[in-house]
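Each chain, written out:
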Amino acid sequence: MDRNYKNPDFQQKQKDGRNLRPNKPEILILRILDKRYPNEWKYTGDYSFWINGKNPDFTCINGKKLLIEHFGDYYHQGEDPEERKKIFSEFGYKTLVIWEYELKDLEK
């Protein structure tokens, strides 16, 4: 199945077949990004941007190769974010992973 996500035709079919929008934690992240870094970040978790079969949640659009991944506590339970970061780093991207539980205390 992972191999399919590297196929541009499959990626487009997935994008067309799903009505993907940011979930509540992703909306919060986007608001923080828009406030601190206006017009520098785009939500791409809607399958609009792919790197080696992976779809990052947020992409910096100011020319820097920066990504942000939101890892939901339930959906990404047991996943090692370093594996995903490694895939993106092979293409020159630095990736910040924000876990859902980290959004509960924004001051921290």
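Located above this text is the structure these notes cover.
Owing to the predicted nature of the structure, the values given are computational and were not obtained by experimental measurement.

A. Region of interest: unusual backbone geometry. A positive phi angle, close to 60°, is found at Asn-39, a residue other than glycine. For Asn-39, a relative accessible area of 69% corresponds to the exposed category. If you check the backbone angles, Tyr-47 has positive phi at about 70° while not being a glycine. Within the secondary structure layout, Tyr-47 lies in the loop between strand S1 (41-43) and strand S2 (58-60). Exposure remark for Tyr-47: the relative accessible area of 13% places this residue in the buried category.

B. Region of the structure containing the packing of aromatic side chains. On inspection of all chains with the given rule, the structure shows five aromatic pairs. When the centroid spacing of 4.9 Å and the interplanar angle of 50° are considered together, the rings of Tyr-47 and Trp-50 count as tilted. A single burial state applies to Tyr-47 and to Trp-50, both of which are buried. Ring geometry for Phe-71 against Trp-99: centres 5.1 Å apart, planes inclined by 75°, an arrangement best described as edge-to-face. Of this pair, Phe-71 sits in strand S3 (residues 66-71) while Trp-99 sits in strand S4 (residues 94-99), and the two are 28 residues apart along the sequence.

Cut-offs applied
- Residues numbered from 1 in each chain as written.
- Predicted model: local features only at pLDDT ≥ 70, side-chain atom pairs only at ≥ 80, totals over all residues.
- Heavy atoms only, no water.
- Buried < 20%, exposed > 50% of the residue type's maximum accessible area, 1.4 Å probe, protein only.
- Helix = DSSP H or I, 4+ residues; strand = E, 2+ residues; numbered from the N terminus.
- Phe/Tyr/Trp six-rings, centres within 6.5 Å; stacked < 30°, edge-to-face > 60°.

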